[in-house]
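# Inside the fold
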Amino acid sequence: MATAGWCAVTPRQIEIPRPKRPSQTERLQAAAEVAAIAGAAGALSEVLAQAATRVAPLLEADWVSVRLYDHTTQRLVLHSSAGPRAPRATHDLAPGQGLSGTTLSTGKPVLTNHLSAFADEWPELRDLTQRPGLAVPLRVGMRVIGTLAAVGRPSARYSDNDVAVLDLVGRVLSAGVSRIEALEAARRRAERLETLHETAAALAQESDPHAALQLIGARARCLLSAERAVVRLWQSDAQRLVVAAVDGETGEPPLERIRSGEGAAGQAFATGKPVLVDDYPTWPQALSSDLWAGRRSVLAVPLRLRDEPLGVLTVAATRIGAFTDEDAQLMTLFAQQAATAFAQARALAEQRRAAEYAERLAVLHALALEVVQQSDEHQVLHHTVEAASQLLGGEVARLWLLEATTDELVLRAAYGSELLPLATRYPRAARPLIERALRTREVIAVDDYPGHPSTIPELLAGGVASIILAPLVADKQAQGVLIVNALTPRTWTADDRQMLQLLARHAADALLSARRLAAERRTARLEAALRAARGVAASVGSPLEAAAGRVELLLRLSTLGERERAIAEEARAGLRAAVEALRRLHDAGHERA
């Protein structure tokens, strides 16, 4: 009959005494040595190796193995072995596989004097029918953490005493493993807390919000030995969580935008609590579009600044069950510090941006004042392109005006590099970016001009890397466009757009004012000429004098070619001579009378 507390796999065989087997005292002494080794809490591998070495002679075993259960792979992994038949190659066991797997599954000692039923655990042993074997579980509390197994010599037999000896060694070994694991866990916690403190100090020194997000992702991934970390921020206008930083394994990018409540990150954001998923592909709430090759374990924690939700920090690993509740607690603490550091960096950046914006506004005001003070159209345009280049730091600035009669773009002012062509006239449709700016009345900015589909070959040849343009609009009419070209790559900001738009608005108003002033001057000259002509006509009353006055007016106000002007001047001279002759004739008639 089988002894209570362990499983007999085959019927018990008659025990055959063997000479010179270790006495019970020797066995207890060996068990005490294992306990002392385990109690010293040295390296786990050393403790397991010493236990296997001590057990082999106690049971006259050809092979003693110590296996620990790996929750990630869900298999028994061989950590140590001893004995004359200990194999060089090893393989892992699934629960229920072999003698050790059966012990793991049942949680009880297993004894057999015919190992042929468990050949898959010892494929290199050919005489299993004649060999005994036994295995006992290694426990920590109620949890089975591994097995301790022995394979006896051929024709040997194991008994209840052997089970008791191996179980005693297993118990003291389990206690030692538990103590070592506890110390190791405490050491890891201390290291993690120290790393967390260092990370918090590093984050506190970061004043760039983008760099802070990158640092958050990198440190989070290292803290949990994950393959990837993703930081998402909440955009209230779009009502989406948007990827702000990615660190770690490349490959398929994470889903760019997700809603609150979607996937692990969305649930963490919606609930304000960590979300731990051991096997993401089989998780019912998994987003199929948010998967990447090999991704299994996911831990998502919310980023919150007091009651304000900022976003979500997600780490992922290729191992099943890679993260624990302790990891979730650590990452939650890290996320609190990260959120505070990011908010601080964002506030500092906003302060810098406000200060820089105020400085740029002052520069804009001074430049715009120079523009609007000009009364000549040419001077307005010249000062505008120079101000645009200075304000935005672009090497080249151009100002194109729209000619209403031909619907063509005419280059009216240029500033900067001479490498760029100075073509003076283009059909409006030939410049897609300008056409778009004139149509939408919006600022158009292109950071990577060579990669844009609407490039101009001559600008590419001139080395233009980035471009920004703003329409000139006055009295609700598009008059032209102001363009700044950068020969080095630029990322145009919202402030850049606003500055150029304000300058273009001032330039459009100044241009309209200069044109009105010029028109007023032309009107004043016209009225003076008309008054002179009417005076001559009134004093003489001759049709010839009226004709001479009209020719004079034509010469003053019209743009004539050389030939037309010569004819007009000849006619004016003849008419003046005729008028003078009539006047003398008129005077002579009065004298006779």
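Residues numbered from 1 in each chain as written. Predicted model: local features only at pLDDT ≥ 70, side-chain atom pairs only at ≥ 80, totals over all residues. Heavy atoms only, no water.

## Let's talk about the overall build of the protein chain
Which entries qualify depends on this criterion: For helices the rule is a DSSP run of H or I covering at least 4 residues; for strands it is a run of E covering at least 2, with both sets numbered from the N terminus onward. Partly exposed describes any residue whose relative accessible area lies between the buried limit of under 20% and the exposed limit of over 50%, with all areas from a 1.4 Å probe on protein chains only and scaled to the type maximum. Here a residue-residue contact requires only that any non-hydrogen atoms of the pair lie within 4.5 Å. Each accessible area is a Shrake-Rupley result for a 1.4 Å probe, and residues are judged covered by the shown protein chains and nothing else.
Looking only at helices and strands, the protein chain features 13 helices and 18 strands. Burial statistics for the protein chain: of 593 residues in total, 42% are counted as buried. Within the protein chain, contacts between residues separated by at least 24 positions form 58% of all contacts whose residues are at least 6 apart in sequence. Summing over all exposed atoms, the protein chain offers an accessible surface of approximately 29,900 Å²; the carbon and sulfur share of this is 53%.

## Digging into the sheet that holds strand β8 (residues 240-248)
Inclusion rule: Strand pairing is assigned whenever DSSP detects at least two bridges linking the two strands.
Ordered in space as β9-β8-β7-β12-β11-β10, the 6 strands form an open sheet in which the pairing is antiparallel. Of all the strands in the sheet, the pair left with one neighbour each is β9 (257-258) and β10 (275-277). With 6 bridges joining them, strand β7 (residues 228-235) and strand β12 (residues 308-317) adopt antiparallel strand pairing. The residue of β12 that forms the bridge with Arg 232 is Val 312.

## Observations regarding the environment of Ala 175
Summarising the element assignment, Ala 175 is placed in helix α4 (residues 160-205). Sequence spacing of Ala 175 and Leu 138 is 37 residues, and the spatial spacing of their C-alpha atoms is 8.8 Å.

## What about the nonpolar core?
Within soluble globular proteins, side chains that are nonpolar generally end up buried alongside one another. Formally: Buried Ala, Val, Leu, Ile, Met, Phe, Trp, Tyr and Cys residues form a nonpolar core when they are joined through side-chain atoms within 4.5 Å.
Formed by 34 residues in total, the largest nonpolar core has its most connected members in Leu 392, Leu 399, Ile 468, Leu 482 and Leu 500. Broken down by secondary-structure element, the contributors of at least two residues to this core are α7 (325-372), α8 (377-392), β13 (396-403), β17 (466-474), β18 (477-486) and α11 (494-540). Broken down by element, this core gets its largest block of residues, 10 residues, from α11. Not counting residues up to four positions away in its chain, the partners in contact with Leu 482 are Thr 384, Val 385, Ala 388, Arg 398, Leu 399, Ile 468, Leu 469, Ala 470, Leu 472, Leu 500, Leu 503 and Ala 504.

## Things to note about the confidence of the model for the protein chain
Basically, it comes down to this: Confidence scores per residue from the predictor, reported as pLDDT, run from 0 to 100.
Here the protein chain shows a mean pLDDT of 79. Residues at 70 or above account for 81%. Summarising per-element confidence for the protein chain, the mean pLDDT is lowest in strand β1 (residues 7-8) (52) and highest in β10 (92). Below pLDDT 50 for its whole length, residues 10-19 participates in 22 contacts with residues either more than four positions away or in separate chains.

## Concerning the packing of aromatic side chains
So the rule is basically this: The pairing test for Phe, Tyr and Trp rings, Trp by its six-membered ring, is centres within 6.5 Å, and the orientation test on the planes gives stacked under 30 degrees, edge-to-face over 60, and tilted for anything in between.
Counted by the stated rule, this structure contains 3 aromatic pairs. An angle of 45 degrees between the planes, with centres 5.6 Å apart, marks the rings of Tyr 280 and Trp 283 as tilted. A relative accessible area of 0% means that Tyr 280 is categorised as buried. Measuring from centroid to centroid gives 5.6 Å for Trp 400 and Tyr 426, while their planes differ by 45 degrees, and the two rings are tilted.

## Notes on the layout of surface pockets
Just so we agree on the cut-off: Site definitions follow a grid-based scheme: protein atoms alone, a 1 Å grid, a 1.4 Å probe that fits but cannot get out for cavities, and for pockets an open set with protein on both sides within 12 Å along at least five of seven lines, plus lining residues having an atom within 4 Å of a point. Grid points are joined across faces, edges and corners, and a volume is the space filled by probe spheres set on the points. Note on residue classes: Ala, Val, Leu, Ile, Met, Phe, Trp, Tyr, Cys and Pro are nonpolar, Asp, Glu, Lys and Arg are charged, and everything else, Gly too, is polar.
Considered as a void within the structure, the largest pocket measures approximately 990 Å³ in volume. Lining the largest pocket are 32 residues, with Glu 181, Glu 184, Ala 185, Arg 188 and Thr 324 positioned closest to its centre. The set of elements that each furnish at least two residues to the lining of the largest pocket consists of β2 (61-70), β6 (143-152), α4, α5 (209-223) and α7. Per-element accounting of the lining of the largest pocket gives the leading share, 10 residues, to α4. Taken together, the residues of the lining of the largest pocket sort by class into 13 nonpolar, 8 polar and 11 charged.

## Here we look at the sheet that holds β18
Put simply, the rule reads: In this description, a line fitted to the C-alpha atoms serves as the axis of each element, helices being fitted only across the stretch in contact, and the angle between N-to-C directions of two axes falls anywhere from 0 to 180 degrees.
The 6 strands lie next to each other as β15-β14-β13-β18-β17-β16, forming an open sheet whose pairing is antiparallel. Among the strands making up the open sheet, the edge pair consists of β15 (425-427) and β16 (444-446). Ignoring which end each strand starts from, the neighbouring axes of this sheet average 20 degrees apart.

## Some remarks on the pattern of salt bridges
A side chain of one charge can pair with a side chain of the opposite charge if their charged atoms are brought near each other. Selection criterion: A pairing counts as a salt bridge when a side-chain nitrogen of Lys or Arg comes within 4 Å of a carboxyl oxygen of Asp or Glu.
Taken as a whole, this structure holds 17 salt bridges when the rule is applied. Note that Asp 279 is salt-bridged to Arg 296, the shortest N-O span being 2.7 Å. Of this pair, Asp 279 sits in the loop between β10 and β11 (297-305) while Arg 296 sits in the loop between β10 and β11, and the two are 17 residues apart along the sequence. Among the ionic pairs, Arg 428 bridges to Asp 407, the shortest N-O distance being 3.5 Å. Of this pair, Arg 428 sits in the loop between β15 and α9 (432-440) while Asp 407 sits in the loop between β13 and β14 (408-416); the two residues are 21 residues apart in sequence, bridging distant segments of the chain. Given a relative accessible area of 39%, Asp 407 falls into the partly exposed group. Linked by salt bridges that have partners in common, Asp 407, Arg 428, Glu 435 and Arg 439 make up one network.

## Looking at the pairing of β2
Extensive coverage of β2 is indicated by the burial of 8 of its 10 residues. Pairing between β2 and β6: 7 bridges, direction antiparallel. For Val 64, the partnering residue across the bridge sits in β6 and is Ala 150. Two elements, β2 and strand β3 (residues 75-82), share 7 bridges in a ladder whose sense is antiparallel. Bridging across to β3, Tyr 69 finds its partner in Leu 76. Counting the residues between successive antiparallel strands, the hairpin from β2 to β3 contains 4 residues, one of them, Gln 74, with a positive phi of roughly 55 degrees.

## Quick word on the pairing of strand β5 (residues 133-140)
Burial within β5 is extensive, with 6 of its 8 residues counted as buried. As defined by bridge partners, strand β4 (residues 110-112) adjoins β5 across 3 bridges and the pair is classed as antiparallel. By the bridge assignment for β5, Leu 111 is matched with Leu 134. In this structure, β5 lies alongside β6, joined through 8 bridges in antiparallel fashion. Counterpart to Leu 134 in the pairing with β6 is Ala 150. Where β5 hands over to β6, the hairpin turn is made up of 2 residues, of which Gly 141 adopts a positive phi near 70 degrees.

## Quick word on the environment of Ala 387
Tracing the sequence through the fold places Ala 387 in helix α8. As for Ala 387 and Ala 397, which are separated by 10 residues in sequence, their C-alpha atoms are 9.0 Å apart.

## So, unusual backbone geometry
Positive phi, close to 55 degrees, is recorded for Gln 239, a residue that is not glycine. When you line up the elements, Gln 239 lands in the loop between β7 and β8. Among the residues examined, Gln 239 registers a relative accessible area of 44% and is labelled partly exposed. Here Asp 407, not a glycine, exhibits a phi torsion of approximately 55 degrees, which is positive.

## Considerations on α5
Heads up, the condition is: Here the expected span of a helix is defined as 1.5 Å times the quantity of residues minus one.
Over its 15 residues, α5 extends 21 Å from the first C-alpha to the last, a length consistent with the 21 Å expected when each residue adds 1.5 Å. Considered for burial, the residues of α5 that qualify are Pro 209, Ala 212, Leu 213, Leu 215, Ile 216, Gly 217, Ala 218, Ala 220 and Leu 223. Phi turns positive, to about 50 degrees, at Ser 225, one or two residues after α5.

## Description of the environment of Arg 189
Take Arg 189: it is sitting in helix α4. Separated by 141 residues in the primary sequence, Arg 189 and Leu 330 place their C-alpha atoms 8.9 Å from one another.

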